[in-house]
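# Notes for the structure review
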Amino acid sequence: MSHPQHLGYQHKKSKQKTSFPSGNRELTVTLSCTFYRWQRSWGIAHRCSQLHSLSRLHQQNPESLLNVEGHTIIFTDQSGMNAAGHVMLGTTDVHHQWAKLFERLPSYSSLLAQSELLKDRISQLLGGIQVIHIERLQPLLTIEEYFNTLSAFQKRLSSCWVPFHPRSLQGLQMTLENDRSSPRLHELGHFIIPSACEPTTLQWFIQTKAPEARRRMKRRDELEAEENDLVLYCLESLSLKRLYKEPSVSSKQMIPCCRRLMEERCPYVQGMRLCVSHFYSVLQDGDLCIPWDWKS
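Since the model is a prediction, treat every value here as computed from it, not as a measurement.

### Points about the packing of aromatic side chains
For the coordinates displayed, the defined rule picks out 2 aromatic pairs. Seen from their ring centres, Phe191 and Phe205 are 5.9 Å apart, and the 75 degrees between their planes marks the pair as edge-to-face. Here Phe191 is found in strand β11 (residues 191–194), whereas its partner Phe205 is found in helix α5 (residues 199–237), with 14 residues between them in sequence. Looking at Phe191, the relative accessible area reads 0%, which means it is buried. Overall, the relative accessible area of 9% leaves Phe205 in the buried class. For the cation-ring pair, Arg242 lies above Tyr244, with the distance from its terminal atom to the ring centre recorded as 3.8 Å. For the cation-ring pair, Arg260 lies above Trp294, with the distance from its terminal atom to the ring centre recorded as 3.9 Å.

Below, the structure written as structure tokens:
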């Protein structure tokens, strides 16, 4: 599932030195991670404070950050590695907790690799369907929790042969949830499968819903392409500095919002950073939040 970079988490490249204003000083953090980003829409002062903490740790104990190379760092509510393989730094944790996390990164990376192997095995057992994890829906799901869910599901499938024709489900996608609910089909076309689902129930549901799943996935791709085009057009025609949305805003909501912005041609948004959300607000660093169904 494609998610354009201008529509989601706030992020900054960190291969180069990146400076943030903080009073009369500039904060410069040099790390070898690929990206750093924030799960929440914190203001610039809060983000600078978090980067200052990471910078101090780097100065005091540079060896502790050697394992970070190639990873994405996310400042969020808890520390660990999430199911997407990104390093989460809890903003309320202290330096030695971050340092211990960095020391454990090789073992986390091993668990991530084992999880990928389990996903491949599940795919082979289920006719080539792709097992995916949608980070924006479960951003704080840890790699330990995800591995355990995958492992339990793979063992359940292996113990009971499910007659799927090889590659019959290629092109389809499924996510796993660690619960006992019924399997269901998401409006975007991927299957949501509880890890405790009985194999016979799973087989019937996927085979019955496969044609509808393919139709919804095709429609999803069309909507995402239309959304991307509209966002780019709004940025240019309205002279916006930035236009993005919160993860909870769907393409079906973002598209009419962009169309109305172009139709209304609101002069007061020129040069602004606009976030499409579900409410009106002004973020600490000046970004204006508007609901997707904003009123004139």
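### Points about helix α4 (residues 143–159)
Its 17 residues place the ends of α4 24 Å apart at the C-alpha level, agreeing with the 24 Å of an ideal helix rising 1.5 Å per residue. For α4, the full list of buried residues reads Ile143, Tyr146, Phe147, Thr149, Leu150, Ser151, Phe153, Gln154 and Leu157. Looking at the buried residues of α4, the elements they touch are β6 (80–81), α3 (105–125), β8 (130–131), β9 (173–177), β11 and α5.

### Description of helix α6 (residues 251–264)
Because an α-helix packs 3.6 residues into every turn, residues spaced three or four apart end up facing the same way. With 14 residues, α6 extends 20 Å between its outermost C-alpha atoms, agreeing within 8% with the 20 Å of an ideal straight helix rising 1.5 Å per residue. Among the residues making up α6, those that are buried are Ser251, Gln253, Met254, Ile255, Cys257, Cys258, Leu261 and Met262. Backbone geometry just downstream of α6 places Arg265 in the positive-phi region, at approximately 50 degrees.

### Brief notes about the sheet that holds β8
Pairing between sheet strands relies on hydrogen bonds along the backbone, with the strands arranged either parallel or antiparallel. Spatial strand order, β8-β9-β11-β10: 4 strands in an open sheet with mixed pairing. The sheet is open, and its two edges are formed by β8 and β10 (184–185), each paired on a single side.

Here is what the cut-offs are and how they apply
- Residues numbered from 1 in each chain as written.
- Predicted model: local features only at pLDDT ≥ 70, side-chain atom pairs only at ≥ 80, totals over all residues.
- Heavy atoms only, no water.
- Phe/Tyr/Trp six-rings, centres within 6.5 Å; stacked < 30°, edge-to-face > 60°.
- Helix = DSSP H or I, 4+ residues; strand = E, 2+ residues; numbered from the N terminus.
- Buried < 20%, exposed > 50% of the residue type's maximum accessible area, 1.4 Å probe, protein only.
- Lys NZ or Arg CZ within 6 Å of the ring centre and 35° of its normal.
- Expected span 1.5 Å × (residues − 1).
- Contact = heavy atoms within 4.5 Å.
- Pairing = 2+ DSSP bridges.

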